[in-house]
Each structure stands twice: as C-alpha cells, then as structure tokens.
Amino acid sequence: MTVSGHRYELDSRGVQSALEGVLPEPIHEHFVVINGRRWPPKQVLALVTGLDRADFTTHQARRALTRLGFPAARAARSRSHHMRAAQAAGPAASPVGGTGGTPRTLVEALRPFIGLWVAVRGDEVLVAASSPKEVVAWLAQHGQRAQSMFRVPDSDQAITGAAPQ
Amino acid sequence: MRFPFRELPAAGGGELTPRPVVDIALEGLLAAPMGCLLDSGALRTRMSAELAPLAGIELDGAPTEEFFVAGLKTGGTLARVNLTVTDGAEEFSWDAPVWFCDPWPHPFGLAGLEGFLHHFIVTIRAYDGYLDIEPQP
C-alpha cells in the first residue's frame, strides 16, 4: 500500500508482531483493535512504516489498517454511536481475542488481559502490562489517572480467599 | 462511598463470582489506586512490595514479618503511609500501617482489620453486589 507517497508491503501478521512489547497510547477518538487491544491508528502506522505521524492523517491510518483486516471504531461518546461505528468499520476478519473490538462491559474489556496488570477507569481498560511498574509508568507518561489497578486473575482459585494460615 | 463488587472474566469463558474490592491509593501513587480485596479475616492490610518504590515509600530498616497468605509463605515489610479512597464524588484519606509483601502473586491487595476496617463502618450487601464504606467519626 502507499502511505504519504511511500510504498509499503504490509500484512496483518507483520503489524501484529511489530506491536509486541509496545503499549498502546491513550485513545482520543479513533482506534483499531490489534492483538486484543485498542490502538491509536496513527501510533500503529507510524510504528510499522517508520513515518512521522505528521506525514499522514488519522483517517489515512485507519483506512490502511482496516484494509489489513483490523476492526476499527470510535471511542464511545455515546454507546449507540460507538456500536454503530464498530459495525461500520472495515472487514470483519482477524479475530482479536474475542473482544470484537467494542467490549460492552468491563468484564469483556478485561477478557483479553487475563493474567496481566491493568489500569481501568469506568468500563475502559486504560493500559495492560506485565508489571505494575509498566502500568504506573504509562499512566505518568500519558497524564492519565486510573480508578483501579490490579492483575486480572487467571482463575477463580487465585482469589478464593487469602486469609493467613 | 459505594463500591460495586468487582466483576471479572473467567479464563475458560463466562465470569468469576464478583468480589468485594475497594480501590485504595497510596500516597505518591494517586493515579493508580490498588484494587484491594476486602478481607474481614485478615489482620493486616497488605499490598505487593513492587508498589512501594513506585510510590516513593522507603522500606529499608522497617520491621518485617513472615507469614502465609493463601498457603503461600511470604515476607512483609511495614510502612505507615497515607491512604485515600474515593468513589469519584467523595474522598477520604487516613494514615495507616501497610505491609508490603514479597512475593505477592495475588491479583489484589488485601484490605484487612488494621489499616482499613478499623477506619470505616463497612456494610456488605453481597446479595445486591456492592459494599458501602463510611469513615469512622
């Protein structure tokens, strides 16, 4: 595909692997869902092309990524708008951890992150990472404040009770 | 202040039984309140030792103890810290002893008697899926 006058050979697997080990930046309006997470389209396209973000628009980035099969949507200002945007976005290929891109509850939003540390606010997962240090660093870097930080339990037994013996 | 029980996904699909969780912010780490499981059987309030340096809490030379939590032997270091809870509308802060524990593989901190329950009137409405906390006068 051509982005900002440069030609790139991109495929969905290459994009997915390029994002491994990277944390998504805060979502302002538009996002794409890759590897079960929401990403700002410009962050993704800049990462995989090496282009400066000023070289293309959010809509160009979003269009390029939906062409690769990644669902895209607009962050919910109102629930109905959010759902409509999701339904209208791109081809329904590329399963993304079962979230479908538009989780309706915190439970569904947390599902892709079982076993990881998360920071949440309302029904939104702000960030997920392998340690609280990474979560706190991300919050500080992006000036975000969470409602709660915890590790998403990987089993019922993990929180069956913790009384000292 | 009201806290709905925390709903969580189950690894095999569906949901885990919702749990009574209160989000407690450490002084120095207000942007990331730690989810703490309300535990009326726990004498102490405990959190992962990983959080202490993130909040700028010095643990060197502080009292330590070894104990078992959920069958796992762990070590705790005591620090007296300022804690804050908020439901978004109201906010309450208090000074309390917290034990920072290593290892701490548990998903949540523990809000126990000392450090948390001694400071609040707590009403648990498990049937309705929430708990209310009211700071002690």
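As the structure is a prediction and not an experimental result, all values here were calculated from the model.

Rules behind the numbers
Residues numbered from 1 in each chain as written. Chains lettered and ligands numbered in written order. Predicted model: local features only at pLDDT ≥ 70, side-chain atom pairs only at ≥ 80, totals over all residues. Heavy atoms only, no water. Helix = DSSP H or I, 4+ residues; strand = E, 2+ residues; numbered from the N terminus. Buried < 20%, exposed > 50% of the residue type's maximum accessible area, 1.4 Å probe, protein only. Contact = heavy atoms within 4.5 Å. Pairing = 2+ DSSP bridges. Axes fitted to C-alpha atoms, helices over the stretch in contact; angles between N-to-C directions. pLDDT = per-residue confidence, 0-100. Polar contact = N/O pair within 3.5 Å; in protein donor to acceptor, adjacent residues only side chain to side chain. Salt bridge = Lys/Arg side-chain N within 4 Å of Asp/Glu carboxyl O. Core = buried A, V, L, I, M, F, W, Y, C linked by side-chain atoms within 4.5 Å. Nonpolar A, V, L, I, M, F, W, Y, C, P; charged D, E, K, R; others polar.

### So, the overall build of chain A
Here is step 1: Each helix and strand counted, chain A has six helices and eight strands in total.
Here is step 2: Secondary structure elements of chain A, listed N to C terminal, follow the sequence β-β-α-β-β-α-α-β-α-α-β-β-α-β.
Here is step 3: Per-residue burial over chain A gives 48% buried out of 165 residues.
Here is step 4: Pairs at least 24 residues apart make up 50% of the contacts formed inside chain A by residues separated by at least 6 positions.

### Notes on the sheet that holds strand 1 (residues 2–4) of chain B
The strands making up a sheet associate through backbone hydrogen bonding, with each pair oriented either parallel or antiparallel.
Residues and elements named next belong to chain B.
Here is step 1: Taken together, three strands build an open sheet; the order of strands is 1-10-9 and the sheet is antiparallel. What marks the edges here is a single partner per strand, and that holds for strand 1 and strand 9 (120–125). Taken over all neighbouring pairs, the strand axes of this sheet differ in orientation by 20° on average, direction set aside.
Here is step 2: Pairing analysis gives three bridges linking strand 1 to strand 10 (residues 130–135), with the strands arranged antiparallel. Counterpart to P4 in the pairing with strand 10 is Y130.

### A short note on the confidence of the model for chain B
Here is step 1: Averaged over every residue, the pLDDT of chain B is 93; the share at 70 or more is 100%.
Here is step 2: As a predicted assembly, this complex carries a pTM of 0.77 together with an ipTM value of 0.95.

### A word on the pairing of strand 7 (residues 91–102) of chain B
Residues and elements named next belong to chain B.
Here is step 1: Of the strand pairs in this sheet, strand 4 (residues 46–48) and strand 7 are connected by three bridges, and their pairing is parallel. Paired with M47 across the strands is F100, a residue of strand 7.
Here is step 2: Looking at chain direction, strand 6 (residues 72–86) and strand 7 are connected through 12 bridges and run antiparallel. Residue pairing across strands places N82 opposite D95, the latter belonging to strand 7.

### Some thoughts on the environment of D52 of chain A
All names here are of chain A.
Here is step 1: With respect to the helices and strands, the residue D52 is situated in the loop between helix 2 (41–49) and helix 3 (58–67).
Here is step 2: Placed 10 residues apart in sequence, D52 and K42 show a C-alpha to C-alpha distance of 9.3 Å.
Here is step 3: At a separation of 2.8 Å, a polar atom in the side chain of D52 contacts the main-chain amide nitrogen of A54.

### Things to note about the sheet that holds strand 3 (residues 30–34) of chain A
Residues and elements named next belong to chain A.
Here is step 1: The three strands lie next to each other as 4-3-5, forming an open sheet whose pairing is antiparallel. Two strands bound the open sheet, and with one partner strand each, they are strand 4 (37–39) and strand 5 (72–74). The average undirected angle you get between the axes of adjacent strands in this sheet is 35°.
Here is step 2: Set on the sheet, helix 2 makes contact with strand 3 and strand 4; between it and strand 3 the angle comes to about 60°.

### As for the pattern of salt bridges
Residues and elements named next belong to chain B.
Here is step 1: One pass over the structure, following the stated rule, counts 10 salt bridges over all chains.
Here is step 2: Of the charged contacts, one joins D132 and R2 as a salt bridge, the two residues approaching to 2.7 Å between their closest N and O atoms. Of this pair, D132 sits in strand 10 while R2 sits in strand 1; the two residues are 130 residues apart in sequence, bridging distant segments of the chain.
Here is step 3: With a relative accessible area of 45%, R2 lands in the partly exposed category.
Here is step 4: A salt bridge links R6 to D23; its shortest N-O distance comes to 3.1 Å. Linking R6 in the loop between strand 1 and strand 2 (21–26) with D23 in strand 2, this pair joins segments that are 17 residues apart in sequence. Accessibility classification places R6 together with D23 in one group, the buried group.
Here is step 5: Where salt bridges share partners, they join R44, R46, E65 and E114 into one cluster.

### Quick notes on the nonpolar core
Here is step 1: If you look at the biggest cluster of nonpolar residues, it comprises 42 residues, and the most contacted ones within it are I24, L26, M47, I57, V85, F100 and F116 of chain B.
Here is step 2: Excluding residues that lie within four positions of it along the chain, V85 of chain B makes contacts with M1, F3, V22, D23, I24, E90, E91, F92, W94, F116, F120 and I133 of chain B.
Here is step 3: Grouped together as the second largest cluster of nonpolar side chains are 23 residues, L106 and F150 of chain A together with F67 and L110 of chain B included.

### Thoughts on the interface of chain B and chain A
Quite often, the size of an interface is put as the accessible area lost when its parts meet.
Here is step 1: Each side of the interface is counted separately: chain B has 35 residues, and chain A has 32 residues.
Here is step 2: For the pair chain B and chain A, the interface holds zero salt bridges.
Here is step 3: Remark: the boundary between chain B and chain A carries 10 residue pairs in polar contact (both at pLDDT 80 or more).
Here is step 4: Taken together, the residues of the side of chain B that touches chain A break down into 21 nonpolar, seven polar and seven charged.

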